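# Observations on the three-dimensional arrangement
Here are the chains, one letter per residue:
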Amino acid sequence: MKRSYSPASRRRQSNNSAQHDNIDRQILVLHKAVALKLIARCDLRQQVIETIESRYTNGQLRHGGYLVWSCLMEYIAEQPDVFLQGVLADTAQMRKLRRRTPFVNVLTEQERLHTLNTSLSE
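Computed from a predicted structure; not experimentally measured.

### Thoughts on the overall build of the protein
In terms of helices and strands, the protein carries 6 helices and 0 strands. Put simply, the protein runs from its N terminus to its C terminus through helices and strands in the order α-α-α-α-α-α. Here the protein, with 122 residues, has 32% of them falling under the buried criterion. A separation threshold of at least 6 residues defines the contact pool for the protein, and within that pool the share at least 24 residues apart is 69%. When the accessible surface of the protein is totalled, it reaches about 8,600 Å², and 51% of it is carbon and sulfur.

Printed below as a string of structure tokens:
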């Protein structure tokens, strides 16, 4: 059976898509700021690793996501460009993983707001 969509449902779909795209852009901007901060401040890396391990152990992170985040964290010291490129990759998997980021509490609220405000003005 073929589904038909009304103009209103197409608009809603389009609005939802635009909203998701906007959220993904904001998340990407925040992840760039976080990644750069993690590269600069090795004292913050252990808390990220602990978050990854804890979420995996508690079943809040699937094995594939665990492998991606863990591998990226292994690159941070020796190959920060690879780390940054991986965190900011424009793939469906990374967009999904960034929405449940292990990079919690790396940015202060002030840094987060500054980053978002700066990205809006660009």
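What follows continues from the structure just given.
### Re the nonpolar core
Leu38, Trp69, Phe83 and Phe103 are the most contacted members of the largest nonpolar core, which has 24 residues in total. At the level of elements, α1 (7–40), α2 (45–57), α3 (63–75), α4 (80–87) and α5 (92–99) are the ones that each hand at least two residues to this core. If we ignore the near neighbours within four places in the chain, the residues touching phenylalanine 103 are His31, Val34, Leu38, Val48, Trp69, Met73, Phe83 and Val87.

### Some points on the pattern of salt bridges
Under the defined criterion, the tally for this structure stands at 5 salt bridges. In this structure, the salt-bridge partner of arginine 112 is glutamate 109, at a minimum N-O distance of 3.0 Å. You can see arginine 112 and its partner glutamate 109 sitting in helix α6 (residues 109–121), 3 residues apart, about one turn around the helix. Exposure remark for glutamate 109: the relative accessible area of 47% places this residue in the partly exposed category.

### A look at the layout of surface pockets
If you add up the space inside the largest pocket, you get close to 270 Å³. Taken together, Arg55, Gly59, Gln60, Leu61, Arg62, Gly64, Gly65, Gln93, Lys96, Leu97 and Arg100 form the lining of the largest pocket. Elements with a minimum of two residues in the lining of the largest pocket: α3 and α5. Per-element accounting of the lining of the largest pocket gives the leading share, 3 residues, to α5. Here the lining of the largest pocket is composed, by residue class, of 2 nonpolar, 5 polar and 4 charged. One number sums up the size of the second largest pocket: a volume of about 200 Å³. Broken down by element, the lining of the second largest pocket gets its largest block of residues, 4 residues, from α1. Its residues placed into classes, the lining of the second largest pocket shows 7 nonpolar, 3 polar and 1 charged.

Reading the values: the criteria
- Residues numbered from 1 in each chain as written.
- Predicted model: local features only at pLDDT ≥ 70, side-chain atom pairs only at ≥ 80, totals over all residues.
- Heavy atoms only, no water.
- Helix = DSSP H or I, 4+ residues; strand = E, 2+ residues; numbered from the N terminus.
- Buried < 20%, exposed > 50% of the residue type's maximum accessible area, 1.4 Å probe, protein only.
- Contact = heavy atoms within 4.5 Å.
- Areas by Shrake-Rupley, 256 points an atom, 1.4 Å probe, with all protein chains shown as cover.
- Core = buried A, V, L, I, M, F, W, Y, C linked by side-chain atoms within 4.5 Å.
- Salt bridge = Lys/Arg side-chain N within 4 Å of Asp/Glu carboxyl O.
- 1 Å grid on protein atoms, 1.4 Å probe; cavity = no way out; pocket = protein on both sides within 12 Å on 5 of 7 lines; lining within 4 Å.
- Points joined across faces, edges and corners; volume = space filled by probe spheres on them.
- Nonpolar A, V, L, I, M, F, W, Y, C, P; charged D, E, K, R; others polar.

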